[in-house]
Amino acid sequence: MEMCCCRFLLLLSLLLLVDSKSLCKNSTDQYLISKAFKSVSGFNLSWFQSPLPNCSITEIKLPSRNLSGIISWYYLKNISNLHTVDLSGNSIKGQIPGWFWSIQSLRNVNLAKNRIGGSIGFKFNGSFSSIRVLNLSNNRFSNLGQLSGFSKLEKLDLSHNNLGSTPGQFAKLTKLEFLNISSCKISGNIRAISPLHSLKYLDVSNNTMNGTFPTDFPPLDTLSFLNISLNNFTGILPSEKLNKFGKSAFFHGGNFNSTAIKTPPKRKPPKHPSIQKHIIKKPKSKNKTLIILISSISGFLVLSISGVCFMCIYRRRRKRASRNKWAISRPIQFEMKSSGPFSFETESGTSWIADIKEPTSATVIMSSKPLMNLTFKDLIVATSYFGKESILSEGRCGPVYRGVLPGEIHVAIKVLENAREIDDEEAVKVFEGLTRLKHQNLLTLCGYCIAGKEKLVLYEFMANGDLHRWLHELPPLKPNVEDWSTDTWEHQNITGSHISSPEEKANWLTRHRIAVGVARGLAYLHHAGFTHGHLVSSNIMLSDTLEPRVADFGLRNIGPRNKNIGSDSGFEFDVYCFGVVLVELVTGKQGSEEVVQWVRKLVREGRGENALDSRLGLGSDSVSEMVECLRVGYLCTAELPGKRPTMQQVLGLLKDIHSELK
């Protein structure tokens, strides 16, 4: 009996050993993951730790993790068993190389709701993909490469991109069952997708596509969902198709001849022969004259009344147009609702509602610029009904929209989602206090509006965007992988605006001046008794002369109180956050905890020059100044809050580094 048990345990151990070996083929996968996400802020390698050492990684599932930056895709192709990549709902940028799609182990790829641009697909014919589900919706892709290599694809979602032309080369996608190319600004004939005989779901809505329905379309009998609305199609719309897919599927889809609305013409009842004969033989001239007279008078009255109505409508529209024509500098692309509540959807799929009946009932209180009489209706017009195309960003407090107020005043409008349950009087008290903070290095609140439970604040629009984008995205110091010329923060047509150049980004003195300006703004804020609470590079805006302006300060005071804030509040925490920003300015790396610890280690060892941004001009004088700035950052990021200097002391240390800034 004991011998049998021993044999069983030995056999079980061998099976476990074999299974462990089969699961742990690749001893370098974690290393490859760390290299691939090295430049992505918010990434944590511990997410890929396994109880079995050196195990092969088969899935990268990091949806909605607040990741931002550019992935080094090269390292992912060496992960031999990778079959799923889900990075949806982040802020991943850059371009995906064509060879990525040909990784033979890949089956599912979801990169929706990011900021990835460039091309989709292969650059050359002959490439082959094993991907079956591909979701690239809500990105910045601008064109399509060779799609014929995706022969195993079953689901393809390219919606909400900027593809422009009609996708082609669908003939070999014989297994495709789901296709969504809605809202891609596509023009051209839809005939290119007609070979897709396996489709069950087709959405081509909100484009400017043309073609004949249904002859230019894939077979409709196999489709369970169809949406061709907001296009320029023609053809015959059979009643059975209208009933199957619903009227919304064809809403403003083009000009259709619908068999569902054809009705036989009405026929006049025949007159009785005796009556007809009587009328012919005995006409009454007096009655005939009277009928003609009455008809003439009636016609004249109808024309007169119609003319008066037309003139009233014309004058009313003309008066309304003259009153609103100055509201925005571009045509209004929406239909204004006459009464509320007013609902607005953001890019992330969430929505916010201004629960008011009349849009003019919510007043906008302006504290700077020309003191105009504005209401929530003016904000609706200024942002094209708070449309998705007006969204600048979606931060921790809520969405931020770009608007154009009367007089060509460009503003950023932030919706404070965390302030819906705050009493209006308390909110007004906070807003009024913030409007009194005036400093050249603070992005001061210039107005606010309370619409129902929604609180909106207005800031001056900054043409150069925020410091994070200026350092890491707009524009790079080498050929970019993506065209950012239409980025939401840029506005090339603003008169007198100054869009920064790569040379300025490579100028150490420019970065030092930015650091000193941020320190000035934060020191003033502390002197006035305010803390920021969330100072990061994306909360530092840059004016047209690259003057930094600290934004989003004081908004913690209007949100719900967090009982577990602990050390993440107060002046000392602001000093720590400034130290992280300073490290980011000097090293050119995104300000993460790992980067801060790495820099602190180098400073302690006297090797601070090894952390400097290689893109900066590294002369002997500038190197010593940069290293000295890192030492200031070292002081600011001390682990014990009591050992950190005040912002006034930090400002003095930074000004001493360069004599021109004293």
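Residues numbered from 1 in each chain as written. Predicted model: local features only at pLDDT ≥ 70, side-chain atom pairs only at ≥ 80, totals over all residues. Heavy atoms only, no water.

Caption draft 1: Looking closely at the overall build of the chain. When helices and strands are tallied, the chain shows 14 helices and 28 strands. Looking at the chain residue by residue over its 662 residues, the buried ones come to 45%. Within the chain, counting contacts between residues at least 6 apart in sequence, those at least 24 apart form 56% of the total. Summed over its atoms, the accessible surface of the chain is roughly 34800 Å², and 55% of this surface lies on carbon and sulfur atoms. (Helix = DSSP H or I, 4+ residues; strand = E, 2+ residues; numbered from the N terminus. Buried < 20%, exposed > 50% of the residue type's maximum accessible area, 1.4 Å probe, protein only. Contact = heavy atoms within 4.5 Å. Areas by Shrake-Rupley, 256 points an atom, 1.4 Å probe, with all protein chains shown as cover.)

Caption draft 2: Quick peek at the pattern of salt bridges. Taken as a whole, this structure holds 15 salt bridges when the rule is applied. The residue Arg420 makes a salt bridge to Glu454 at a minimum N-O spacing of 2.8 Å. Note that Arg420 is positioned in the loop between β24 (409-415) and α7 (424-435) and Glu454 in strand β26 (residues 454-460), a separation of 34 residues in sequence. The buried category is assigned to Glu454, whose relative accessible area is 2%. Between Asp424 and Lys455 there is a salt bridge whose closest N-O contact spans 3.6 Å. Residue Asp424 is located in helix α7, and its partner Lys455 is located in strand β26; the two are separated by 31 residues in the primary sequence. Residue classification places Asp424 among the partly exposed positions, given a relative accessible area of 36%. Taken together, the shared-partner salt bridges in this structure form one network comprising Glu417, Arg420 and Glu454. (Salt bridge = Lys/Arg side-chain N within 4 Å of Asp/Glu carboxyl O.)

Caption draft 3: Seen up close, the sheet that holds strand β1 (residues 40-41). In space, the five strands of this open sheet follow the order β1-β3-β5-β7-β9, with mixed pairing throughout. Among the strands making up the open sheet, the edge pair consists of β1 and β9 (140-144). Note: strand β3 (residues 68-70) against strand β5 (residues 91-95), three bridges, orientation parallel. Looking at β5, one finds that Gly69 is bridged to Ile92. (Pairing = 2+ DSSP bridges.)

Caption draft 4: Here's a closer look at helix α12 (residues 593-604). Compared with an ideal rise of 1.5 Å per residue, which puts twelve residues at 16 Å, α12 spans 17 Å between its outermost C-alpha atoms and is within 8% of the ideal. Residues Val595, Val596, Val599, Arg600, Leu602 and Val603 constitute the buried set of α12. Seen along its axis, α12 keeps its buried residues to an arc of 165°; they face one direction. Looking one or two places after α12, you find Gly606, whose phi comes out positive at around 70°. (Expected span 1.5 Å × (residues − 1). Arc of directions from axis to C-beta.)

Caption draft 5: Representation of helix α10 (residues 508-527) within the structure. The first and last C-alpha atoms of α10 sit 28 Å apart over 20 residues, in line with the 28 Å expected at 1.5 Å per residue. With a side-chain oxygen lying 2.9 Å from the backbone nitrogen of Leu509, the N-terminal cap of α10 falls on Asn507. Residue Gly529 follows α10 closely and has a positive phi angle near 90°. (Polar contact = N/O pair within 3.5 Å; in protein donor to acceptor, adjacent residues only side chain to side chain.)

Caption draft 6: The arrangement of the sheet that holds strand β25 (residues 447-451) in detail. Strand order in this open sheet of seven strands is β21-β20-β25-β26-β24-β23-β22, and the pairing throughout is antiparallel. The outermost strands of the open sheet, each flanked by one partner alone, are β21 (374-375) and β22 (391-394). In the sheet, strand β20 (residues 363-366) pairs with β21 via two bridges, with the strands oriented antiparallel. Within β21, the residue paired with Thr363 across the bridge is Thr375. Here α7 sits on the sheet in contact with β20, β25 and β26, set at roughly 170° to β25. (Axes fitted to C-alpha atoms, helices over the stretch in contact; angles between N-to-C directions.)

Caption draft 7: Up close: the confidence of the model for the chain. The predicted model of the chain averages 78 in pLDDT, with 73% of residues at 70 or higher. Confidence drops under a pLDDT of 50 for residues 317-333, and excluding neighbours within four residues, the segment shows 17 contacts in the predicted structure. In the model, residues 474-498 has pLDDT below 50 throughout and makes 60 contacts with residues more than four positions away in sequence or in other chains. (pLDDT = per-residue confidence, 0-100.)

Caption draft 8: Focus on the packing of α10 against helix α14 (residues 647-657). In contact at an axis separation of 9 Å, α10 and α14 are set at 155° when each is read in the N-to-C sense. The pairing of α10 with α14 is recorded here as roughly antiparallel in orientation. Viewed along their axes, α10 and α14 form a crossing whose handedness is left-handed. Judged by residue contacts, His512, Ala515, Val516, Ala519, Arg520, Leu522, Ala523 and His526 of α10 engage Met647, Gln648, Leu651, Leu654, Lys655 and Ile657 from α14. (Parallel < 35°, antiparallel > 145°, perpendicular 65-115°, else oblique. Left-handed = near helix turned anticlockwise from the far one by under 90°.)

Caption draft 9: Representation of the packing of aromatic side chains within the structure. All told, the structure shown has 24 aromatic pairs when counted by the stated rule. Here Phe213 and Phe217 contribute two aromatic rings whose centre-to-centre distance is 5.1 Å and whose plane-to-plane angle is 75°, an arrangement assigned as edge-to-face. You'll find Phe213 and Phe217 in the same group, each marked buried. Here the aromatic rings of Phe344 and Trp352 are separated by 4.6 Å at their centres, their planes lie at 40°, and the arrangement is tilted. The exposure classification of Phe344 matches that of Trp352, with both residues buried. (Phe/Tyr/Trp six-rings, centres within 6.5 Å; stacked < 30°, edge-to-face > 60°.)

Caption draft 10: Region of the structure containing the nonpolar core. By size, the foremost hydrophobic cluster in this structure holds 66 residues, and its most contacted members are Phe37, Trp101 and Leu179. Among the secondary structure elements, those contributing two or more residues to this core are α2 (29-36), β7 (115-120), β14 (208-213), β16 (232-237) and α3 (239-245). Among the elements that make up this core, the one with the highest residue count is α2 (three residues). Setting aside anything within four residues of it in sequence, one finds Phe37 in contact with Phe43, Ile60, Leu62, Ile71 and Leu87. (Core = buried A, V, L, I, M, F, W, Y, C linked by side-chain atoms within 4.5 Å.)

Caption draft 11: Layout of the environment of Thr646. Note that Thr646 resides in the loop between α13 (620-636) and α14. Residues Thr646 and Val575, spaced 71 residues apart in sequence, show a C-alpha to C-alpha distance of 7.0 Å.

Caption draft 12: Looking closely at unusual backbone geometry. The omega torsion across Phe213 and Pro214 is 0°, close enough to zero to call that bond cis. Counting through the fold element by element, Pro214 comes out in the loop between β14 and β15 (225-227). Despite not being glycine, Asn206 has its phi angle at roughly 60°, a positive value. By the secondary structure assignment, Asn206 is in the loop between β13 (201-203) and β14. In this structure, Leu230 takes a positive phi of about 55° despite not being glycine. Residue placement: Leu230 occurs in the loop between β15 and β16.

Caption draft 13: The arrangement of the pairing of strand β18 (residues 342-345) in detail. Covered by surrounding structure in β18 are Phe342 and Phe344 only, the residues Ser343 and Glu345 on the alternate face being uncovered. By the bridge criterion, four bridges tie β18 to strand β19 (residues 351-354) in an arrangement that is antiparallel. Across the sheet, residue Phe342 finds its bridge partner in β19, namely Ala354. Taking the residues that link successive antiparallel strands as the turn, the β18-β19 hairpin has five residues, and the phi of Gly349 there is positive, at about 95°.

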